[in-house]
Amino acid sequence: MTETTAPVQRGARLSRSARRAQLLVAARDVFAAQGYHAAAMDDIAEKAGVSKPVLYQHFPGKLELYQALLTTYADELVGRVQTAISRTDDNRERVNAAVAAYFDFVAGEGHAYRLVFESDLRSEPEAAAVVDGALTKCIDAVAEVVTKDAGLDAARARLLAVGLVGLSQVAAQYWLDSDQSVPRDEAVGLMSALAWRGLAGFPLIHD
């Protein structure tokens, strides 16, 4: 979900799934601009071009709406990382693709990454569980590859996976917040080279 949303004329008829998607994008824009606590359901309904009753037909409250949005983007991040790793058997390309997945997610439209990594609702157990679950799935995907190809035990492979995921996330956020002064491809190359020089020290194990 990377599209932007302009207010839709009131009364426009959409399928339930299309309306829900529209409401989520409008909510993304409002939450990203105002934060969870300052955002109001009135603002989201106005952004989406619907009445509040229509909004409440899909989401019983602001917290449920935010959790649905957070889950959508957390799942998107996990999907990006898993797809990046599965596209190749070359470990150097895997590292580059995993780093690139984080950069692409962070650079996506609507500052969706802020909803995942910088939410003012992270203290809520439900929201924290969604974010922690997404990060765990990303770490699991990387750890599985490291365990298989480097012959490391689960604990050591997971530690390396945490390092790669953490490096990718923090570097991508810094890159975006620093006005992208380094071109995206060069930034990805720099960070993947840093990660690869460390991971390359572990020999590839063949059955």
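Residues numbered from 1 in each chain as written. Predicted model: local features only at pLDDT ≥ 70, side-chain atom pairs only at ≥ 80, totals over all residues. Heavy atoms only, no water.

1. Details of the UniProt feature "DNA-binding region" (unreviewed entry) in the chain
Next, step 1: UniProt feature "DNA-binding region" (unreviewed entry): in the numbering of this structure it lies at residues 40–59.
Next, step 2: Its end C-alpha atoms 13 Å apart, residues 40–59 is made of 75% helix and 0% strand. (UniProt positions renumbered as here; feature names shortened; annotations may be inferred. Helix = DSSP H or I, 4+ residues; strand = E, 2+ residues; numbered from the N terminus.)

2. As for unusual backbone geometry
Next, step 1: For Asp179, which is not a glycine, the phi torsion comes out positive at approximately 65 degrees.
Next, step 2: Structurally, the position occupied by Asp179 is in the loop between helix 8 (154–177) and helix 9 (184–199).
Next, step 3: Phi is positive for Gln180, which is not a glycine, with a value near 55 degrees.
Next, step 4: Position of Gln180 relative to the elements: it lies in the loop between helix 8 and helix 9.
Next, step 5: Gln180 sits in the partly exposed class, given a relative accessible area of 38%. (Buried < 20%, exposed > 50% of the residue type's maximum accessible area, 1.4 Å probe, protein only.)

3. Thoughts on helix 2 (residues 41–48)
Next, step 1: Of the residues making up helix 2, those classed as buried are Met41, Ile44, Ala45 and Ala48. Seen end-on, helix 2 carries its buried residues on one side only, within an arc spanning 100 degrees.
Next, step 2: Next to the buried residues of helix 2 lie helix 1 (16–34), helix 3 (52–58) and helix 4 (62–86). (Arc of directions from axis to C-beta. Contact = heavy atoms within 4.5 Å.)

4. Details of the packing of helix 5 (residues 91–106) against helix 8
Next, step 1: For the pair helix 5 and helix 8, interaxial distance at closest approach is 9 Å and the crossing angle is 40 degrees. The angle between helix 5 and helix 8 places the two elements in the oblique class. In terms of crossing hand, the pair formed by helix 5 and helix 8 is right-handed. Contacts between helix 5 and helix 8 pair Val95, Ala98, Val99, Tyr102, Phe103 and Val106 from the former with Leu164, Val165, Ser168, Gln169, Ala171, Ala172, Gln173, Trp175 and Leu176 from the latter.
Next, step 2: Of the residues that constitute the contact of helix 5 with helix 8, the class distribution is 12 nonpolar, three polar and no charged. (Axes fitted to C-alpha atoms, helices over the stretch in contact; angles between N-to-C directions. Parallel < 35°, antiparallel > 145°, perpendicular 65-115°, else oblique. Left-handed = near helix turned anticlockwise from the far one by under 90°. Nonpolar A, V, L, I, M, F, W, Y, C, P; charged D, E, K, R; others polar.)

5. What about the nonpolar core?
Next, step 1: With 66 residues, the main nonpolar core has Phe31, Ile44, Leu55, Leu65, Tyr102, Phe103 and Phe117 as its most contacted residues.
Next, step 2: Breaking this core down by element, the ones donating at least two residues are helix 1, helix 2, helix 4, helix 5, helix 6 (112–117), helix 7 (125–150), helix 8 and helix 9.
Next, step 3: Two domains each provide a minimum of three residues to this core, namely domain 1 (15–60) and domain 2 (70–200).
Next, step 4: Those residues in contact with Ile44, other than ones at most four positions away along the chain, are Leu23, Ala26, Ala27, Val30, Phe31, Leu55 and Leu65. (Core = buried A, V, L, I, M, F, W, Y, C linked by side-chain atoms within 4.5 Å. Domains from an automatic or database assignment.)

6. Regarding the packing of helix 7 against helix 8
Next, step 1: Following both chains from N to C, one finds helix 7 and helix 8 inclined at 125 degrees, their axes separated by 8 Å at the closest point. Relative to helix 8, helix 7 is oriented oblique. Considering how the two elements wind past one another, helix 7 and helix 8 form a crossing that is right-handed. Where helix 7 approaches helix 8, its residues Leu135, Thr136, Cys138, Ile139, Asp140, Val142, Ala143, Val146 and Thr147 are matched on the opposing element by Ala154, Ala157, Arg158, Leu160, Ala161, Val162, Leu164, Val165 and Gln169.
Next, step 2: Its residues assigned to classes, the contact of helix 7 with helix 8 shows 13 nonpolar, three polar and two charged.

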